[in-house]
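Survey of secondary and tertiary structure
One-letter residues, chain by chain:
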Amino acid sequence: MIVEFVQKHAARIYTVAVALLALVAHYAPELPSALILGVVAAVLGTGEAVQRLEDHKTRAAYSGQYRP
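Below or above, wherever it landed, is the structure these notes cover. (Residues numbered from 1 in each chain as written. Predicted model: local features only at pLDDT ≥ 70, side-chain atom pairs only at ≥ 80, totals over all residues. Heavy atoms only, no water.)

The number of helices and strands found in the protein is three helices and zero strands. In summary, the protein has a C-alpha radius of gyration of 15 Å against a globular reference of 11 Å for 68 residues, an excess of more than 25%. Considering only C-alpha atoms, the protein reaches an extent of 50 × 20 × 15 Å along its principal axes. Among the 68 residues that make up the protein, the fraction classed as buried is 12%. Total accessible area on the protein stands at roughly 5,500 Å², and carbon and sulfur atoms take up 67% of it. Measuring between centres, the 6 positive side-chain charges of the protein sit 11 Å from its 5 negative side-chain charges. (Helix = DSSP H or I, 4+ residues; strand = E, 2+ residues; numbered from the N terminus. Rg over C-alpha atoms; globule rule 2.2 N^0.38 Å. Buried < 20%, exposed > 50% of the residue type's maximum accessible area, 1.4 Å probe, protein only. Areas by Shrake-Rupley, 256 points an atom, 1.4 Å probe, with all protein chains shown as cover. Lys, Arg positive; Asp, Glu negative; His and termini not counted. Charge placed at Lys NZ, Arg CZ, Asp CG, Glu CD.)

What follows is the structure, given as structure tokens:
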């Protein structure tokens, strides 16, 4: 059930996570920059995974196999 939710709303979840990261980086300036850069690198990797999932859903929709 959770996996289906994540697959269906991966881009929205990713967007919220990135927005939260930006807020933390802005309002907690005492955090070490190396820590923030490490999290940013992880977020970029997650973004790639989200993009691949969305591409897969798009290809499935064009082939008529996608059912939301």
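Structure shown, so let's carry the discussion forward.
So, about a nonpolar patch on the surface. A cluster of nonpolar side chains, Ile2, Phe5, Val6 and Ile13, forms an exposed patch at the surface whose accessible area comes to about 380 Å². Ranked by residues supplied to the nonpolar patch, first place goes to helix H1 (residues 2-8) with three residues. Mapping Ile2 onto the fold places it in helix H1. You can call Ile2 exposed: its relative accessible area is 67%. (Patch = residues over 30% accessible without salt bridge, like charges linked within 9 Å, V, L, I, M, F, W, Y side chains within 5 Å. Salt bridge = Lys/Arg side-chain N within 4 Å of Asp/Glu carboxyl O.)

This part covers the packing of helix H2 (residues 10-27) against helix H3 (residues 33-63). At a closest axis distance of 10 Å, the pairing of H2 and H3 adopts a crossing angle of 165°. Between H2 and H3, the angle is such that the two are roughly antiparallel. The element H2 and its partner H3 pack so that their crossing is left-handed. Taking contact as the criterion, the partners of Ala10, Ala11, Tyr14, Val18, Leu21 and Ala25 in H2 are, on H3, Ile36, Val39, Val40, Val43, Leu44, Thr46, Gly47, Val50, Leu53 and Glu54. Across the contact of H2 with H3, the residue classes break down as 13 nonpolar, two polar and one charged. (Axes fitted to C-alpha atoms, helices over the stretch in contact; angles between N-to-C directions. Parallel < 35°, antiparallel > 145°, perpendicular 65-115°, else oblique. Left-handed = near helix turned anticlockwise from the far one by under 90°. Contact = heavy atoms within 4.5 Å. Nonpolar A, V, L, I, M, F, W, Y, C, P; charged D, E, K, R; others polar.)

In this section: the pattern of salt bridges. Tallied over the full model, the rule gives two salt bridges. Taking the shortest distance from any N to any O, the salt bridge between Arg52 and Glu48 comes out at 3.0 Å. Note that Arg52 and Glu48 are positioned in helix H3 at a spacing of four residues, about one turn of the helix. Residue classification places Glu48 among the partly exposed positions, given a relative accessible area of 42%. Notably, a salt bridge pairs Lys57 with Glu54, separated by 3.2 Å at the nearest N-O pair. Of the two residues, Lys57 and Glu54 are both situated in helix H3; the distance of three residues between them amounts to about one turn of the helix.

Nothing here speaks to function; it is geometry throughout.
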